[in-house]
Amino acid sequence: MRRGYEEIVVTGRQEQFIVENARQIEPLGSQQIAAIDEGPAPQPGQTERLRVAIVSPEVGPGAGVPHYWQALAKVIAQHHEVHVFTARTNRAGLDGVEVHRVWALLAGWFLLHATFYLAVLARFSLARLLRRRRFDVVLGIGALTPFADVATVHFVQAREQELQSRGSFQREQPRSGLAGLDYALYSRTMGWLSRKFYRGSHTRIVAISEAVKRDLALFEGATTAAIAVVPNGVDIERFHPANRTRYREATRRDLGLSEDQVMVLFVGNNLVSASWS
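Residues numbered from 1 in each chain as written. Predicted model: local features only at pLDDT ≥ 70, side-chain atom pairs only at ≥ 80, totals over all residues. Heavy atoms only, no water.

A. Representation of the overall build of the chain. Summing up its helical and strand segments, the chain has eight helices and nine strands in all. Roughly 15900 Å² of accessible area belongs to the chain as shown, and the carbon and sulfur atoms make up 53% of that amount. (Helix = DSSP H or I, 4+ residues; strand = E, 2+ residues; numbered from the N terminus. Areas by Shrake-Rupley, 256 points an atom, 1.4 Å probe, with all protein chains shown as cover.)

In structure tokens:
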């Protein structure tokens, strides 16, 4: 397993999956991956250098999904040419990666995702129409990128809606007013796009867990045979059982816990998607 910090949320298996499937992906229309067939063939023992596009509204440190794309871009860029199409990013964390700014309204959930969806759909659909395929593999984020060759799914919007509808999860700070309307529009729009996309898509789907794969089949009607499960990676040196003895006593003392008290720690930014109640 790769262990550098920049790779803690991906594994070598993710990159291997992308490269090995590059020739097998049915690309835009009848045009197969022409760029692979152009130019001199790689020498024996030489890794073929691919042109890879990553398309996501946000890419950068912080929240899970943007961080995932930043880490994956840096891993793939070690051996391939990587281009990132995004509305918001921190370029400082993407050395060796070419960043393309996508116009989108950086306001709220709905406007950001709706305008980004329309912008990238127009951009990549035009390339398809003109038969100008610049990339060997296009990596996207679920239903937001229906033109992608490989789409990674981190959670299923319909699962969140289902948990909320039966009262299994209550937000500590419920959204109200414009914020509530904004998220409701985003959630329902993404739910509609997802149902439309997964039930008729030929895109190769990567789910980050078996639970996400099951949710895609249950809520979106996706075909499980078309879904590969590639879990996020873990830095096994930074997150190691030895840390328990190293930090346990001082941490419990700082938190005012006695020896017989049980403490459970959950780290995440979306309790609903994690199925916690």
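So, next bit.
B. Expanded view of the nonpolar core. With 42 residues, the main nonpolar core has Trp69, Val82, Leu139, Ile205 and Leu216 as its most contacted residues. It is helix 6 (residues 177–198) that contributes the most residues to this core, six residues altogether. (Core = buried A, V, L, I, M, F, W, Y, C linked by side-chain atoms within 4.5 Å. Buried < 20%, exposed > 50% of the residue type's maximum accessible area, 1.4 Å probe, protein only.)

C. Focus on the side chain of Gln157. Its place among the elements puts Gln157 in helix 5 (residues 157–165). At a separation of 3.3 Å, a polar atom in the side chain of Gln157 contacts the side chain of Ser187. (Polar contact = N/O pair within 3.5 Å; in protein donor to acceptor, adjacent residues only side chain to side chain.)

D. View of the packing of helix 5 against helix 6. Following both chains from N to C, one finds helix 5 and helix 6 inclined at 125 degrees, their axes separated by 9 Å at the closest point. Comparing their axes, helix 6 and helix 5 come out oblique. Considering how the two elements wind past one another, helix 5 and helix 6 form a crossing that is left-handed. Packed against helix 5, whose contacting residues are Gln157, Glu160 and Gln161, the element helix 6 presents Tyr183, Tyr186, Ser187, Arg188, Met190 and Gly191 at the interface. Here the residues of the contact of helix 5 with helix 6 are counted per class, giving three nonpolar, four polar and two charged. (Axes fitted to C-alpha atoms, helices over the stretch in contact; angles between N-to-C directions. Parallel < 35°, antiparallel > 145°, perpendicular 65-115°, else oblique. Left-handed = near helix turned anticlockwise from the far one by under 90°. Contact = heavy atoms within 4.5 Å. Nonpolar A, V, L, I, M, F, W, Y, C, P; charged D, E, K, R; others polar.)

E. Focus on the packing of helix 4 (residues 108–129) against helix 6. At a closest axis distance of 6 Å, the pairing of helix 4 and helix 6 adopts a crossing angle of 35 degrees. Across the interface between the two elements, Gly108, Trp109, Phe110, Leu111, His113 and Tyr117 of helix 4 pack against Asp182, Tyr183, Leu185, Tyr186, Thr189 and Leu193 of helix 6. Among the residues forming the contact of helix 4 with helix 6, the class breakdown is eight nonpolar, three polar and one charged.

F. Main features of the pairing of strand 1 (residues 51–55). Where burial is concerned, most of strand 1 is hidden: four out of the five residues are buried. Relative to strand 3 (residues 81–86), strand 1 runs parallel, the two sharing five bridges. Along strand 3, the bridge assignment pairs Ile54 with Val84. Pairing between strand 1 and strand 6 (residues 137–141): three bridges, direction parallel. By the bridge assignment for strand 6, Ala53 is matched with Val138. (Pairing = 2+ DSSP bridges.)

G. Focus on the sheet that holds strand 6. Ordered by their spatial adjacency, seven strands build an open sheet running 5-3-1-6-7-8-9, and the pairing between neighbours is parallel. Either end of the sheet is taken by a strand with one partner, and the two such strands are strand 5 (98–101) and strand 9 (227–229). Between one strand axis and the next, the sheet turns through 25 degrees on average, direction left out of account. Strands strand 1, strand 3, strand 6 and strand 7 (150–153) of the sheet are contacted by helix 3 (residues 64–76), whose axis makes an angle of about 165 degrees with strand 6.

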